[in-house]
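The lines below spell out each chain.
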Amino acid sequence: EVRLVESGGGLVQPGGSLRLSCAASGFTFSSYWMSWVRQAPGKGLEWVANIRQDGSEKYYVDSVKGRFTLSRDNTKNSLYLQMNSLRAEDTAVYYCARTSYYDSGTDYWGQGTLVTVSS
Amino acid sequence: DIQMTQSPSTLSASVGDRVTITCRASQSIRSWLAWYQQKPGKAPKILIYKASSLESGVPSRFSGSGSGTEFTLTISSLQPDDFATYYCQQYSSYFLTFGQGTRLEIK
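Residues numbered from 1 in each chain as written. Chains lettered and ligands numbered in written order. Predicted model: local features only at pLDDT ≥ 70, side-chain atom pairs only at ≥ 80, totals over all residues. Heavy atoms only, no water.

1. Quick notes on the sheet that holds strand S1 (residues 3-7) of chain A
Sheets are built from strands paired through backbone hydrogen bonds, the pairs being either parallel or antiparallel.
All names here are of chain A.
Step number 1: A sheet is described by the order of its strands in space; here four strands give the open sequence S1-S3-S8-S7, paired in antiparallel fashion. Across the chains shown, the open sheet's two edge strands, defined by having one partner strand only, are S1 and strand S7 (68-73). Each adjacent strand pair in this sheet contributes to an overall mean axis angle of 15°, direction not counted. (Pairing = 2+ DSSP bridges. Helix = DSSP H or I, 4+ residues; strand = E, 2+ residues; numbered from the N terminus. Axes fitted to C-alpha atoms, helices over the stretch in contact; angles between N-to-C directions.)

So this is what it looks like as C-alpha cells:
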C-alpha cells in the first residue's frame, strides 16, 4: 500500500523558517517525481514544487522561488521542503504527493500538514 | 505557465442527476489532464487520469473526455457520496496547475 506521511508543520512567526518532511512507503520512491501541493484555508489547490527522481531537476511556483528549497533522500525514502522567510500567505495545509508524468498524474497524496504563519 | 479554467464554480444538483464539469487549458496539454475529488478536511483523491482513464476503484459513473484544451468530467447518476469539490489538473508541464475547483452541492 502506498503511504505518504507528512510532518513538521506548526505555528511560525512571519520571517521564520520551517522544514517539512514526507516519509514514503509502499512503492519504489526513487522511481517517481515527488511534489508538494498546498491549500490555504477555504481556497483551492496550489502546486508548490516538484523534484525529479534523482533530485537533478527542481521546479517551483514563482511565489516561493528563492524562499523554499525542495530536496529528497532516496536512501531514506524521504522528501523535504525547507521553507524560509515565511509570510502570512504561506499559511496552508501542505500535501506531499507522488506525480507520474506521462502516466497517471499526481496519483497519491499524504494527509497533509498545517503550516500557520502568524505573529 | 498553463492556466486551467474550470466551470461552473458551484453546481447544485440532486441525487440521480447527470452532471458535467468543464475544464479549459490556456494551451494544448494533449491528454495530460487529471480530475480529483476532495471532501472537507481530506486530501484530494484522483478519479481520472490521462483525460479519460478511470483510476482503479473509482465507480464507473465517473467519466472523463477531451483532449487539447477542452475537457469534461461527467457523473452519470449522482450519489450522496459525490457531493464534494472537484479539481482538474494539467501535468503536461513540470509546472503543475489546477483549476479553481467546482463545488458540487445538493439542490
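Now that the structure has been shown, the text picks up again.
2. So, the nonpolar core
Step number 1: Among the nonpolar cores identified, the biggest contains 46 residues, and Trp36(A), Leu79(A), Leu81(A), Met83(A) and Tyr94(A) are the most heavily contacted of them.
Step number 2: Leaving out residues up to four positions away in the same chain, Met83(A) has contacts with Gly16(A), Ser17(A), Leu18(A), Leu20(A), Arg67(A), Phe68(A), Tyr94(A) and Val115(A).
Step number 3: Among the nonpolar cores identified, the runner-up in size contains 25 residues, and Leu11(B), Ile29(B), Leu33(B) and Phe71(B) belong to it. (Core = buried A, V, L, I, M, F, W, Y, C linked by side-chain atoms within 4.5 Å. Buried < 20%, exposed > 50% of the residue type's maximum accessible area, 1.4 Å probe, protein only. Contact = heavy atoms within 4.5 Å.)

3. Some remarks on the interface of chain B and chain A
Step number 1: Each side of the interface is counted separately: chain B has 18 residues, and chain A has 26 residues.
Step number 2: Three residues stand out in chain B for area buried against chain A, namely Tyr94(B), Leu96(B) and Phe98(B), and they jointly supply 35% of the buried area on that side.
Step number 3: The interface formed by chain B and chain A holds zero salt bridges in total.
Step number 4: The interface formed by chain B and chain A holds ten residue pairs in polar contact (both at pLDDT 80 or more) in total.
Step number 5: When residues of the side of chain B that touches chain A are traced back to their parent elements, those giving at least two are strand S4 (33-38), strand S5 (45-49) and strand S9 (85-90) of chain B.
Step number 6: Looking at side-chain class alone, the side of chain B that touches chain A contains twelve nonpolar, three polar and three charged residues. (Buried area = accessible area lost by both parts, 1.4 Å probe. Salt bridge = Lys/Arg side-chain N within 4 Å of Asp/Glu carboxyl O. Polar contact = N/O pair within 3.5 Å; in protein donor to acceptor, adjacent residues only side chain to side chain. Nonpolar A, V, L, I, M, F, W, Y, C, P; charged D, E, K, R; others polar.)

4. Points about the state of the cysteines
Step number 1: For the structure on display, the rule yields two disulfides over all chains.
Step number 2: Each sulfur of the disulfide joining Cys22(A) and Cys96(A) lies 2.0 Å from the other. A torsion of -65° about the S-S bond marks the disulfide between Cys22(A) and Cys96(A) as left-handed. One end of the pair, Cys22(A), is in strand S3 (residues 18-25); the other, Cys96(A), is in strand S9 (residues 92-100), and 74 residues separate them in sequence.
Step number 3: Looking at Cys22(A), the relative accessible area reads 1%, which means it is buried.
Step number 4: Residue Cys96(A) is classed as buried on the basis of its relative accessible area of 0%.
Step number 5: Between the sulfur atoms of Cys23(B) and its disulfide mate Cys88(B) the distance is 2.0 Å. Looking down the S-S bond of the Cys23(B) and Cys88(B) bridge, the torsion is 65°, so its handedness is right-handed. (Disulfide = S-S within 2.5 Å.)

5. Here we look at the layout of surface pockets
Step number 1: Roughly 400 Å³ of volume is contained in the largest pocket.
Step number 2: Gln39(A), Lys43(A), Gln38(B), Thr85(B) and Tyr87(B) are the residues nearest the centre of the largest pocket, which is lined by 22 residues in total.
Step number 3: If you list the elements that add at least two residues to the lining of the largest pocket, you get S9 of chain A together with S9 of chain B.
Step number 4: Classifying every residue of the lining of the largest pocket gives nine nonpolar, nine polar and four charged.
Step number 5: Put simply, the second largest pocket is a space of about 180 Å³.
Step number 6: If you go around the second largest pocket, the residues you meet are Leu45(A), Glu46(A), Trp47(A), Val61(A), Asp1(B), Ile2(B), Gln3(B), Met4(B), Phe95(B), Leu96(B), Thr97(B) and Phe98(B).
Step number 7: Taken together, the elements giving at least two residues each to the lining of the second largest pocket come down to strand S5 (45-51) of chain A together with strand S10 (97-98) of chain B.
Step number 8: Per-class residue counts for the lining of the second largest pocket are eight nonpolar, two polar and two charged. (1 Å grid on protein atoms, 1.4 Å probe; cavity = no way out; pocket = protein on both sides within 12 Å on 5 of 7 lines; lining within 4 Å. Points joined across faces, edges and corners; volume = space filled by probe spheres on them.)

6. Thoughts on unusual backbone geometry
Residues and elements named next belong to chain B.
Step number 1: The residue after Ser7, namely Pro8, is reached through a cis peptide bond having omega -5°.
Step number 2: Along the polypeptide, Pro8 turns up in the loop between strand S1 (4-7) and strand S2 (10-13).
Step number 3: The backbone of Arg30 sits at a positive phi, close to 50°, despite the residue not being glycine.
Step number 4: Here Arg30 shows up in the loop between strand S3 (19-25) and S4.

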